[in-house]
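# Overview (structure and organization)
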Amino acid sequence: MTDSQNQPEDATPATDEAGKSPPPDPSDVDEGVASSDSEPPAEAGPRSPDAPAGAEPGASGAPAEPAASSDPAASSGSPASPEASTTASGAPDLSSADAPPQSSANVLEVHGLNWGAIASAVANPITGDRAEQVIARMEERVAGGGPLGLAFEEYAAGPEDRAIQVGENWPVGEVWFVGDLHGDLLALESALQHIDRSGGGSDARIVFLGDLFDDGVHAAEVVLRIFELILEGPMRVTVIAGNHDEGLTFGDGRFQSSVIPSDFTDWLNAQSDSGHPWAARLGKLIVRFFARAPRALFFPDGLLVAHGGIPHTDLHAELAEKRDWNDPRVLQDFVWLRAHPRARKRIPNRTTRGSEFGREDFAAFCELATRLGRPVSRMLRGHDHVEERFADFPAWSAHPALTINTLSHKLPREVFGPYERVPVVARWVRGELPEVRRLFIPPELIRQVYPEPAGPEAGA
């Protein structure tokens, strides 16, 4: 049975919803110059005792691009669950800036979740004794020095392996991907309910693509919820480190961050100073956990999963010679590099972690990785915040890279577009780009949980 034969009540074919992104500029395809770190400056706003506030608006990542779509007759991956139906939208009309968002991945719309249950979960997050129990259990696990109980951890080449090659013999089942969350508990609970209702059983695995905190009011609650999932389902959940996760450090009695905005760092310091019962313990646990979290997953069907990018071209010769996938520069690029939607090549820039790579850079890496025994033909990533919360670029059709974000509202540093957004999760499909699931949270629920801030940026 193909995916298209399963018609769930809450998932429907993607409609021609007006997109906001301009068509690609055909002239912007040549080698680009090195880019600087694009993390925008920000100033933290007021905070409640239990949640950090957002930051002032600034520049976001690469804009969404309309992308060509395919029309596979059937999925070659695991069978779709009763909650899934497959659609393939038509070719994009690049002559209009109002063309609907398109993707070469299959795209589904999800509407009929139990919003009352989701709202209740957000209104009653992990806190108090429950939070302390989660922290204590994770502290014990991290301090033990053994496996963390993460999905696909069994394929690590050793305890220091952060670029994991998933073996051919892995028990094929449902694999779900959740993009950048940035403290968005509403989007997280919506994603978890959809994944749970879509089946897959105990073999289903969830991969979080990093950036769990900063820019969101439920940073601590999101981290605690994911830690609880790890504890409840050994070998079922994993977290790929994002730049905000990796950027958090602790030294000289203070939490610090190498990225901006860093409002979660400010919250940890403020709560620690005020005698919060577990904030400092949580922050230190996060630092230790992400020191051991993977930076990349190589699936045997050619899918590479990372938060940011790929080892840039200046590392390819050395990587071919030494085959050291855990070289700190290689791991840094998995976390920090940004994908340029149109450029053929971007010049590596080691003066900043936030460099960019183009489609030919990615093609060169695909050839190299495949030659070194790690076949790569396409990529799933987060990092760049896109208005439609998913994007893959037409110019990248030979080796596509799909970006997803699981964010229900416009972040303070995002300048354009509506306040309410459609968070995205993705489902692994063998030999193809992952299938996109758009979670249409009711706008009134988004505004109830995350009221739009007053000011000139509101409604921008």
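Think of each chain on its own: its residues are numbered from 1, step by step along the sequence as written. Per-residue local features are limited, in this predicted model, to residues with pLDDT of at least 70; the limit for side-chain atom pairs, both in listing and counting, is 80 or more; totals at the level of whole chains, interfaces and linings are taken over all residues. Only hydrogens and water are removed before side-chain values are computed, so all heavy atoms of the structure are retained for them.

## Notes on the packing of helix H3 (residues 185-197) against helix H4 (residues 219-232)
A packed helix pair is summarised by two numbers, namely the angle formed by the two axes and the spacing between the axes. Convention adopted: a line fitted to C-alpha atoms gives each axis, helices being fitted over their contacting stretch, and angles between N-to-C directions are expressed from 0 to 180 degrees. Secondary structure elements follow DSSP: runs of H or I no shorter than four residues count as helices, runs of E no shorter than two count as strands, and numbering proceeds from the N terminus. Between H3 and H4, the least distance of the axes is 9 Å, while the angle of their chain directions is 25°. Between H3 and H4, the crossing angle belongs to the class labelled roughly parallel. The handedness of the crossing between H3 and H4 is left-handed. Listed contacts from H4 to Leu185, Leu188, Glu189 and Leu192 of H3 are Glu221, Val222, Arg225, Ile226 and Leu229. Polar here means any residue outside two lists: the nonpolar Ala, Val, Leu, Ile, Met, Phe, Trp, Tyr, Cys and Pro, and the charged Asp, Glu, Lys and Arg; Gly therefore counts as polar. Tallied by class, the residues present in the contact of H3 with H4 amount to 6 nonpolar, no polar and 3 charged. Geometric relationships in this document are graded by angle, where less than 35 degrees denotes roughly parallel, more than 145 denotes roughly antiparallel, 65 to 115 denotes roughly perpendicular, and other angles denote oblique. Each helix crossing is assigned a hand: it is left-handed if the near helix lies turned anticlockwise from the far helix by less than a right angle, otherwise right-handed if that turn is clockwise. Every residue pair with non-hydrogen atoms within 4.5 Å of one another is taken to be in contact.

## Overview of the environment of Gly167
Tracing the chain through its elements places Gly167 in the loop between strand S3 (163-165) and strand S4 (175-178). Exposed residues in this analysis have more than 50% of their type's maximum accessible area, buried residues have under 20%, and partly exposed residues fall in between, with area computed by a 1.4 Å probe over protein chains only. Taking the relative accessible area as the measure of exposure, Gly167 reaches 17% and is therefore buried. Along the sequence, Gly167 and Tyr155 sit 12 residues apart, while their C-alpha atoms lie 6.4 Å from each other. Leaving out residues up to four positions away in the same chain, Gly167 has contacts with Tyr155 and Pro300.

## Points about the nonpolar core
In terms of nonpolar packing, the biggest core is built from 61 residues, with Phe208, Phe227 and Phe289 touching the most fellow members. Looking at this core, the element that brings in the most residues is H4, giving 10 residues. Ignoring anything within four residues of it in the chain, the contact list for Phe289 reads Met138, Leu148, Leu150, Phe227, Ile230 and Val239. We call a set of buried Ala, Val, Leu, Ile, Met, Phe, Trp, Tyr and Cys residues a nonpolar core when their side-chain atoms join them within 4.5 Å. Listed in part, the 28 residues of the second largest apolar core include Ala306, Leu319, Phe362 and Trp396.

## Some words on the side chain of Arg389
The topology assignment puts Arg389 in the loop between strand S13 (378-381) and strand S14 (390-391). Think of a polar contact as two N or O atoms within 3.5 Å of one another; within protein, one of them needs to be a possible hydrogen donor and the other a possible acceptor, and neighboring residues in sequence only count if both atoms come from side chains. For Arg389, the side chain forms a polar contact with the main-chain oxygen of Leu407, separated by 3.3 Å.

## Some thoughts on the packing of helix H6 (residues 263-273) against helix H7 (residues 279-292)
At a minimum axis distance of 8 Å, the contact between H6 and H7 shows a crossing angle of 140°. The angle between H6 and H7 places the two elements in the oblique class. Taken together, the residues of H7 that come into contact with H6 (itself represented by Phe264, Trp267, Leu268, Gln271 and Ser272) are Ala279, Ala280, Gly283 and Ile286. Its residues assigned to classes, the contact of H6 with H7 comprises 6 nonpolar, 3 polar and no charged.

## Some points on the pattern of salt bridges
A pairing counts as a salt bridge when a side-chain nitrogen of Lys or Arg comes within 4 Å of a carboxyl oxygen of Asp or Glu. Counting across every chain of the model gives 28 salt bridges. Of the charged contacts, one joins Arg378 and Asp301 as a salt bridge, the two residues approaching to 2.5 Å between their closest N and O atoms. Here Arg378 is found in strand S13, whereas its partner Asp301 is found in the loop between strand S9 (296-298) and strand S10 (303-306), with 77 residues between them in sequence. The same class applies to Arg378 and to Asp301, which are both buried. In the salt-bridge network here, residues are joined through shared partners; they are Arg130, Glu189, Arg225 and Glu228.

## Structural notes on the pairing of S10
One face of the sheet, then the other: side chains in a regular strand alternate in exactly this way. Residues Leu303 and Val305 point to one face of S10 and Leu304 and Ala306 to the other, with burial holding for every one of them. When DSSP locates at least two bridges between a pair of strands, those strands are taken to pair. Relative to S10, S9 runs antiparallel, the two being bridged by 3 bridges. In the strand pairing of S10, Phe298 is matched with Leu304. Connecting S9 to the antiparallel partner S10 that follows it, the hairpin turn spans 4 residues, and Gly302 within it adopts a positive phi of roughly 100°. In the sheet, S10 pairs with S13 via 3 bridges, with the strands oriented parallel. For Leu303, the partnering residue across the bridge sits in S13 and is Arg378.

## So, H6
Turning to H6, its buried residues are Asp263, Phe264, Thr265, Trp267, Leu268, Asn269 and Gln271. Buried residues along H6 sit against H4, strand S7 (248-251), strand S8 (254-257) and H7. Positive backbone phi, approximately 85°, marks Gly275, located one or two places after H6.

## What about the sheet that holds S13?
Pairing is mixed in the open sheet, where 6 strands are placed in the order S3-S9-S10-S13-S15-S14. The open sheet terminates on both sides in strands that have one partner only, identified here as S3 and S14.

## Thoughts on the environment of Ala131
Structurally, Ala131 can be placed in helix H2 (residues 128-143). The sequence separation of Ala131 and Glu221 amounts to 90 residues, and the corresponding C-alpha distance is 8.7 Å.

## Looking at the pairing of S4
Here S4 shows two buried faces, one formed by Val175 and Phe177 and the other by Trp176 and Val178. Pairing between S4 and strand S5 (residues 205-208): 4 bridges, direction parallel. From the neighbouring strand, Phe177 faces S5, where its bridge partner is Val207. When S4 meets strand S16 (residues 424-427), the two strands line up antiparallel, connected through 3 bridges. Paired with Phe177 across the strands is Ala426, a residue of S16.

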